[in-house]
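# Descriptive structure summary
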Amino acid sequence: MVPRKLWRRPLDSEQIKLPKAEIHIIPDLCKGCDFCIEFCPRKALEESDKLNKRGVYPPKVADESKCTLCGFCTAICPDFAIFTTEKKEETSRNGR
Amino acid sequence: MSESNLMMHHYLAKYLRQERMPHIWCEGCGNGILLNCFLQAINELNVDLNKIVVVSGIGCIGRVSGYINVDSFHTTHGRAIAFATGVKLANPELEVVVISGDGDLFAIGGNHFIHAARRNVDIKVICANNFNYGMTGGQYGPTTPLDAWTTTTPYGNIEHPFNLAHLAAAAGAVYVARWTSLHVRRLKASIIKALQKEGFSFIEMISPCPEIFDRYNKMGTAVDVMKWFRLVSQVRHGCDPAKAEITENEILVGEFVDIEKPSYGRLLREMTSRVQDKLKREES
Amino acid sequence: MVDESRAVLTGTHFMSGDLACAEGALAAGCQFFGGYPITPATEISERMSRRLVEVGGVFVQMEDEIGSIAAVIGASYAGKKAMTATSGPGFSLMQENIGLAVMTETPLVIVNIMRGGPSTGQPTMPGQQDVMQARWGSHGDYEIIALAPSSVQEMFNLTIECFNLAETYRVPVILLADEIIGHMWERVKIPPAEEINVVSRKKPKTPTAEYQPFKPDKDLVPPMACFGEGYRFHATGLTHDEKGAPETVSAEVQTELVKRLADKIRKNAEKIVKAQRVMLEDADVAVIAYGIPSRAALSAVREARKKGIKAGLLRLVTIWPFPQELVSDVAKQVKAIVVPEMNYGQLVREVERAAKTTPVILLSKLGEEPHRPSEIIEAMRRAVK
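Residues numbered from 1 in each chain as written. Chains lettered and ligands numbered in written order. Predicted model: local features only at pLDDT ≥ 70, side-chain atom pairs only at ≥ 80, totals over all residues.

### Things to note about the interface of chain B and chain C
- If you look at the interface, chain B gives 36 residues, while chain C gives 39 residues.
- Counting residues per element, the ones that place at least two in the side of chain B that touches chain C are α3 (64-67), β2 (71-74), α4 (80-90), α6 (110-119) and α11 (264-283) of chain B.
- For the side of chain B that touches chain C, the leading source of residues is α4 of chain B, giving eight residues.
- Counted by class, the side of chain B that touches chain C contains 15 nonpolar, 16 polar and five charged residues.
- Relative to strand β10 (residues 234-236) of chain C, β2 of chain B runs parallel, the two being bridged by three bridges. Residue pairing in the sheet places H74 of chain B in a bridge with T236 of chain C of β10 of chain C. (Contact = placed C-beta atoms within 7 Å. Helix = DSSP H or I, 4+ residues; strand = E, 2+ residues; numbered from the N terminus. Nonpolar A, V, L, I, M, F, W, Y, C, P; charged D, E, K, R; others polar. Pairing = 2+ DSSP bridges.)

What follows is the structure, given as structure tokens:
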């Protein structure tokens, strides 16, 4: 594998803005397989310290800003307990 | 979004019979992933949901038909393909998909599998292969690896397993692919391809069975098994399915077969037209 | 493409029972046949393979009888009238899926041209040895409808009747014929299409979203949606509620479902049952027969009358549900009942149950030519002495 520091940067990388993601977890649907936590390429999830009603530790968001909306967690979840959506820019708050 | 109706906002929720969720499958079972990938595929293809029929057999994955919000039928053990053959031939407009397990499709239902493939009935068969009979508590089946421990091989398995992809190809399937439950994108892509293809298509998904087979064989957690899939899977499109064995050190995955051949339904319709035209000519 | 104009071969024909059965199926609107070759039912497959293509239907020769009935159930759910034809060994293979058809309320017709058993037995010889298998062959509690033709004309007529009953009650219906009827050639009159009474399954009237596939009407029969019609329903061989959702541990759902599936037939038995009464009004000895022995029985009764024996015949057209009341009525009136069967005593048990104290004499025949009228007369003579 080529080390990351040698990767070529796309010419337009400055202009590309990653979408902001919102991660939705339905804790009580989770059976605790940990696939989403384990296989998230950006490690945006971690195990919750709170048991859900099924008696397992569902995932919780570790760092939502890491999420690039790749959708892998949504696709690999056997229980339809997690999905991501694009966060709408809240124009009023940041004054733009 | 409030927690209680969050499920409704899942983009695949409309394809599920939500009142039957959560499904019966264990944590870390690949069946849920297969269901997820199938729903992704029909979502992407934007097919008419009124024209899809999902048929399943018996076993853990047999329940899958009841979870998908399309016309669906849960048959007797091993008979999903024979049932699906009747459906497809009786109404060729329907897209008929069989989703079932390795024991259902290849032990008790093996005869129907090879003959449907030989006839090239235009149905899609997706198999969740977990190497054992999970629902009955983990007995060995037609895919159980040599030496594996199951409840009916207490001294280790002495039967040689089927290579399902090879079997499907030899029997005449026009499309044969194998993925593991970690290959969600590729599995979805294969399902999409199969759905668009005419003829008998077969997709095998290697699945963890964390509570039964994997536990008995000390393979660790579902995550461990998925990591093993990542470690040993090698994508070899076009590989001779005869050589695509599954071993501890290597799982060959990919699209092994992708050929064109007229389906049974097409040949039947062509024959019917010929016969009816001849009758009309004779009458006039 | 479906061409109904060729389905009904109106006119007078000379054909075998198997061929008449195939023509009856086509006249009833059968559009799907899934089967596996077996003596002595193969001629039905052969005829269907030719004729179904002419009318734009589907003939498929499956890999075995299990696949055949599974495909037939599938075709029925896909909206086609469907059938299969077989004999004893194949009928045995079909049993599990007959249960599936009962459980999922699938209209279909199974033709069993009975031969000699057990096992491979005598493939080319007649038998009536599958009477109890027809009734009890699949596991679990259920009721079944089975009709027994005794002429080639009846092979035509009763095949249509089988389809009509299947469609009316959403059940598998069995045409239980024997090798002689199947292979015998006789005159058959096929009426014009418009004179043939053809019944089709009732369709749901509820909006698609509200449809519950196993919610019965007052007649205990749920209207049937088929695949591709937009109802998007689920059917399963598991015990299920009215929505079709599996209910694998509820005693209430199990009781309600199993009772309703049986009651569809039990409570409509009077409408279903057909039998022919011959010279029974003043009879003091009766023959109760079905299928091929009933032909000798008819001659025997006529002959016996000439000899001064007050004999009568109850010919059962419907075997299942068993015509309990008709047999009871006969038993109350006569001194003895003679039951000629091409087996070692099957339907005779039901006759005995219904006859209570009236003596019942079994005339059993295995693997030979059918009963002669003289044998039946002799049995009657001894019975009334």
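### Concerning the sheet that holds strand β15 (residues 336-341) of chain C
All names here are of chain C.
- In spatial order, the strands read β11-β13-β12-β15-β16; together these five strands make up an open sheet with mixed pairing. Strands with a single pairing partner mark the edges of an open sheet, and in this sheet they are β11 (275-278) and β16 (360-364). On average, each strand axis in the sheet is tilted by 20° relative to the strand beside it, whichever way the strands run.
- Relative to strand β13 (residues 311-316), β11 runs antiparallel, the two sharing four bridges. When the bridges of β13 are listed, R277 appears paired with L314.
- Running over the sheet, helix α12 (residues 347-355) touches β12 (285-289), β15 and β16 and is turned about 165° from β15. (Axes fitted to C-alpha atoms, helices over the stretch in contact; angles between N-to-C directions.)

### Points about the sheet that holds strand β8 (residues 201-206) of chain B
- Taking strand neighbours across the sheet as the criterion, the nine strands line up as β9(B)-β10(B)-β7(B)-β8(B)-β4(B)-β3(B)-β1(B)-β2(B)-β10(C) in an open arrangement whose pairing is mixed. Two strands bound the open sheet, and with one partner strand each, they are β9 (233-235) of chain B together with β10 of chain C. Each strand of the sheet is rotated relative to its neighbour by a mean of 15°, with strand direction disregarded.
- Seen against the sheet, α4 of chain B touches β1 (52-56), β2, β3 (95-101) and β4 (124-129) of chain B and runs at an angle of roughly 175° to β3 of chain B.
- Helix α10 (residues 222-232) of chain B contacts β7 (175-180), β8, β9 and β10 (251-258) of chain B of the sheet and is inclined by roughly 45° relative to β9 of chain B.

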